[in-house]
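Secondary and tertiary structure notes
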Amino acid sequence: MTSLQPYLDFATDLAYRAGKMTLGYFNVGVRPDYKPDDTPVTAADRAAEQFIRGEIEKTYPTHAILGEEFGENPPSPEMGRGAGGEGCRWIIDPIDGTKSFLRGVPLYGVLIGLEIEGVIQVGAAYFPGTDEMLCAAEGLGAWWNGRRARVSEIGSLERAYICYTNERNMYRQGRGEAWQRLNAAAYASRGWSDAYGYLCVATGRAEAMLDPIMAIWDCGPFPVIFKEAGGYFGSWDGREGHTFNEALACNAALKDKMLEIIRG
């Protein structure tokens, strides 16, 4: 079995360097363009993704790449599929939380995940504005700025903090009633949004994070991070993974109760 440590070291270093690059654009009045879905994109998003892609292509030319801003690149055809990259795909979001980034709010992150044969086995999420690195690899633990990352052990929703990105989307995606039940049951709900909410849960500062709509690049590193941190990451009906177009993350103690409340 190939060691995942070199991949983890590479992803962590790359997320850190790309994150530092974004700080050059942060809180200086950068102007966005708007995509067809009305989400913003900036020069910082594009520059960071181009940098990440370039480093991956140089280091792992047989690997595929999927990114938010520039789509999917297959492995370099001249390298063939027999050079150790079979089934490997890097999933990247150069700035998760662009709306926060635009307003000078530091709760945004650079997300990098490595999918091997359809399973995320390595992940790194760096938050430049707060200088927090969260990373993990299958069997190697989850780490937060050099110390072990662990979800909380709070097992009662009456003492749980739950996070969300956009309450309006709960209703747009048909999750309004489930959200109302969860919100009523929890001790507190906080809009610690986008990737930052998942950081809070993986490090025990909140108990759950919910997104009723989730692109694959928005959650690239999180399945393995939560697995190694002792928590759950997956769909709203209990399936682990990153391909369900929605996301629920929580500690292990609350998983069953949250799924029960979601089902109603």
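Below or above, wherever it landed, is the structure these notes cover. For every chain, the first residue of the written sequence is number 1, and numbering continues from 1 onward in sequence order. Side-chain atom pairs in this predicted model are given and counted only at pLDDT of 80 or more, local residue features only at pLDDT of at least 70, and totals for whole chains, interfaces and linings cover all residues. With hydrogens and water excluded, all non-hydrogen atoms of the structure serve as input to the side-chain values.

Remarks on the overall build of the chain
Threshold: Think of it this way: any DSSP run of H or I at least four residues long counts as a helix, any run of E at least two long counts as a strand, and we number them from the N terminus. The globule rule is 2.2 Å times the number of residues to the power 0.38, and the radius of gyration it is compared with is taken over C-alpha atoms. Exposure is judged per residue with a 1.4 Å probe applied to protein chains only, and the accessible area is read against the type maximum: over 50% gives exposed, under 20% gives buried, and values in between give partly exposed. We call two residues contacting when some pair of their heavy atoms lies within 4.5 Å. A 1.4 Å probe and the Shrake-Rupley method give the accessible areas. Residues count as covered only by the protein chains that appear here. Neither His nor the chain ends is counted toward charge; the positive residues are Lys and Arg and the negative residues Asp and Glu. Taken as the charge centre is NZ of Lys, CZ of Arg, CG of Asp or CD of Glu, depending on the residue.
For the chain, the count of helices and strands is eight helices and 15 strands. Its C-alpha radius of gyration of 18 Å places the chain within 12% of the 18 Å reference for a compact globule of 264 residues. Across its three principal directions, the C-alpha atoms of the chain cover 55 × 45 × 35 Å. Here the chain holds 264 residues, and 54% of them are scored as buried. For the chain, long-range pairs separated by at least 24 residues make up 62% of all intrachain contacts whose partners lie at least 6 apart in sequence. Carbon and sulfur atoms make up 47% of the accessible area of the chain, which amounts to about 11,500 Å² in all. Each charge sign in the chain was given a centre, from 26 positive and 35 negative side chains, and these centres are 4 Å apart.

Overview of the sheet that holds strand S12 (residues 188-190)
The criterion, for reference: Here, strands pair whenever DSSP counts at least two bridges between them. Axis geometry follows a simple rule: fit a line to the C-alpha atoms, using only the stretch in contact for helices, then measure angles between N-to-C directions, giving values from 0 to 180 degrees.
Spatially, the five strands line up as an open sheet ordered S12-S11-S13-S15-S14, and their pairing is mixed. Every interior strand has two partners, whereas the edge strands, S12 and strand S14 (231-234), have only one. Adjacent strand axes in the sheet meet at a mean angle of 15°, parallel and antiparallel pairs treated alike. Pairing geometry for strand S11 (residues 161-164) and S12, over three bridges, is parallel. Bridge pairing links tyrosine 161 to alanine 188 in S12. Packed on one face of the sheet, helix H7 (residues 222-229) meets S14 and strand S15 (247-251) and runs near 160° to S14. Across the sheet, helix H8 (residues 255-263) is in contact with strand S13 (208-211), S14 and S15; its angle to S15 comes to roughly 140°.

Quick word on the packing of aromatic side chains
As a reminder, the rule being used: The aromatic pairing rule takes the rings of Phe, Tyr and Trp, using the six-membered ring of Trp, and pairs them if the centres are within 6.5 Å, calling planes under 30 degrees apart stacked, those over 60 edge-to-face and the rest tilted.
Using the criterion set out here, one finds 18 aromatic pairs in the structure. Residues phenylalanine 10 and tryptophan 90 carry aromatic rings whose centres are separated by 5.5 Å and whose planes lie at 65° to one another, so their mutual orientation is edge-to-face. Taken together, the residues span a long stretch of sequence, with phenylalanine 10 in helix H1 (residues 5-23) and tryptophan 90 in strand S5 (residues 88-96) at a distance of 80 residues. Each member of the pair, phenylalanine 10 as well as tryptophan 90, is classed as buried. Centre to centre, the rings of phenylalanine 26 and tyrosine 108 are 5.5 Å apart; their planes meet at 40°, and the pair counts as tilted. Residue phenylalanine 26 is found in the loop between H1 and strand S1 (33-34), and its partner tyrosine 108 is found in the loop between helix H3 (98-102) and strand S6 (109-116); the two are separated by 82 residues along the sequence.

Keep in mind these numbers describe shape, not what the thing actually does.
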